[in-house]
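# Summary of the model geometry
Each chain is listed here by its residues.
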Amino acid sequence: MPKILLTGSSGRIGQVTARELLEHGYTVTGADQGIAGPAHTFITDLCDLGQVMTVMAGHDAVIHLGAIPSPAIHPAEVVFRNNTLSTFNILEAATLLGIHKVVLASSVSALGYAWRHRHFNPHYLPIDEDHPLLSQDAYGLSKMVGEVLAEGFVRRTPQMSISSLRFTLVIGEESYGTLIPQLRKDPANSNSFWTYIDVRDAALSCRLALEDTRPGHDAFLISAPNSYMDEPTVDLFNRYYPGIEQIAADFGGSSGVFDCRHAAERLGFNARYNWDQTPLP
């Protein structure tokens, strides 16, 4: 059985990803600062390269979800240092140990809108992977740097296969009855352009990215195809982000702002769960 090291295994996405992998025949070892979920987990400081080397040895691939997930509750320098240093250590250890497949949790925050200090508009709609990364905040910058690190490591070791998954707002069962209704009542405060992804779909994208072993680094937007709002997405943008000149002619209705065709075509990923818990078509 392929042996996978899963960092952040006790987190919200990590626990569901561990179950997804186990159900598909993988052997999973967790590395985190706490123990929860189905994977056997080692308490690990991911900012310590020696500890990372120890827990990673003997594995076939790595999924790196361990990170401070926002800039909201830690000082900016703590967020940036933790997220960038841990990502460097994962890639360095994988390289030194001859592990060629790494999946990294990036974020749509790398685009710069989620935690921005200064308001600005997207260059065009819908947003795809070619859109510039324009972060201003410590968390978004840490995700930008993570992708730059991935590019550097595949230059160093061209046979490496690194996938960066740009997750939008990840929701689980606890969010359906609380967070989503709050967000729907206050569309001005959306950090993700009214987009979302169910945690089970986030876990699926991790497994599918793991199984894509083509060499090089590639980034993928991971989002449901629709917004959680009833109002047409273009109307929301005209209200809160007026003046966007490049809007695709077929971008209508409650379409999600992130174009995830790249993940569908390369990974075979399509979201399955709607924001109201009904299946997506």
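Whatever comes next refers back to the structure up there.
My aim in this report is to walk through the structure given alongside it, one point at a time.

Reading the values: rules and limits
- Residues numbered from 1 in each chain as written.
- Predicted model: local features only at pLDDT ≥ 70, side-chain atom pairs only at ≥ 80, totals over all residues.
- Heavy atoms only, no water.
- Buried < 20%, exposed > 50% of the residue type's maximum accessible area, 1.4 Å probe, protein only.
- Helix = DSSP H or I, 4+ residues; strand = E, 2+ residues; numbered from the N terminus.
- Arc of directions from axis to C-beta.
- Contact = heavy atoms within 4.5 Å.
- Polar contact = N/O pair within 3.5 Å; in protein donor to acceptor, adjacent residues only side chain to side chain.
- Expected span 1.5 Å × (residues − 1).
- Salt bridge = Lys/Arg side-chain N within 4 Å of Asp/Glu carboxyl O.
- Pairing = 2+ DSSP bridges.
- Axes fitted to C-alpha atoms, helices over the stretch in contact; angles between N-to-C directions.

## Some remarks on helix H8 (residues 233-240)
For H8, the complete set of buried residues consists of Thr233, Val234, Leu236 and Phe237. The buried residues of H8 occupy an angular sector of 160° when the element is viewed end-on, so they sit on one face. In this fold, the buried residues of H8 make contact with strand S6 (124-125) and strand S11 (246-247).

## Section: the side chain of His131
Note that His131 resides in the loop between S6 and helix H4 (138-156). His131 gets classed as buried once you look at its relative accessible area, which sits at 2%. Polar side-chain contacts of His131 include one of 3.5 Å to the side chain of Tyr113. Every residue in contact with His131, bar those within four places of it in the chain, is listed here: Leu111, Tyr113, Pro122, His123 and Tyr124.

## Some remarks on the environment of Ala94
Relative to the helices and strands, Ala94 is located in helix H3 (residues 76-97). Residue class for Ala94 comes out buried when judged on its relative accessible area of 0%. When residues no more than four places from it in sequence are discounted, the contact partners of Ala94 are Met56, Ile99, Val102 and Met160.

## Some words on H4
For H4, built from 19 residues, the straight-helix expectation of 27 Å at 1.5 Å per residue is met to within 8% by its first-to-last C-alpha distance of 26 Å. Among the residues making up H4, those that are buried are Ala138, Tyr139, Gly140, Ser142, Lys143, Met144, Gly146, Glu147, Leu149, Ala150, Phe153 and Val154. Where H4 is buried, its residues contact H3, strand S5 (101-107), strand S7 (161-167) and strand S10 (216-222). Two or three places before Tyr139, at the opening of H4, Asp137 has a side-chain oxygen 3.0 Å from that residue's backbone nitrogen.

## Examining the pattern of salt bridges
When the charged atoms of two side chains with opposite charge come close together, those side chains can pair. Using the criterion set out here, one finds 13 salt bridges in the structure. In this structure, Arg266 and Asp218 form a salt bridge, with 3.1 Å as the shortest nitrogen-oxygen distance. Note that Arg266 is positioned in helix H9 (residues 261-267) and Asp218 in strand S10, a separation of 48 residues in sequence. Taken together, the shared-partner salt bridges connect Asp212, Arg214, Asp218 and Arg266 into one network.

## Observations regarding the sheet that holds S10
If you trace the 7 strands from one edge of the open sheet to the other, you get S3-S2-S1-S4-S5-S7-S10, paired in parallel fashion. Looking at the sheet topology across the chains shown, the edges are occupied by strand S3 (40-43) and S10. Direction aside, the axes of adjacent strands within the sheet are offset by 20° on average. For S5 and S7, the ladder comprises 7 bridges, and the chain directions are parallel. Note on S7: the bridge partner recorded for Leu104 is Ser164. Where helix H7 (residues 199-210) meets the sheet, its contacts fall on strand S1 (3-7), strand S4 (61-64), S5, S7 and S10, and the angle it forms with S7 comes to roughly 165°.

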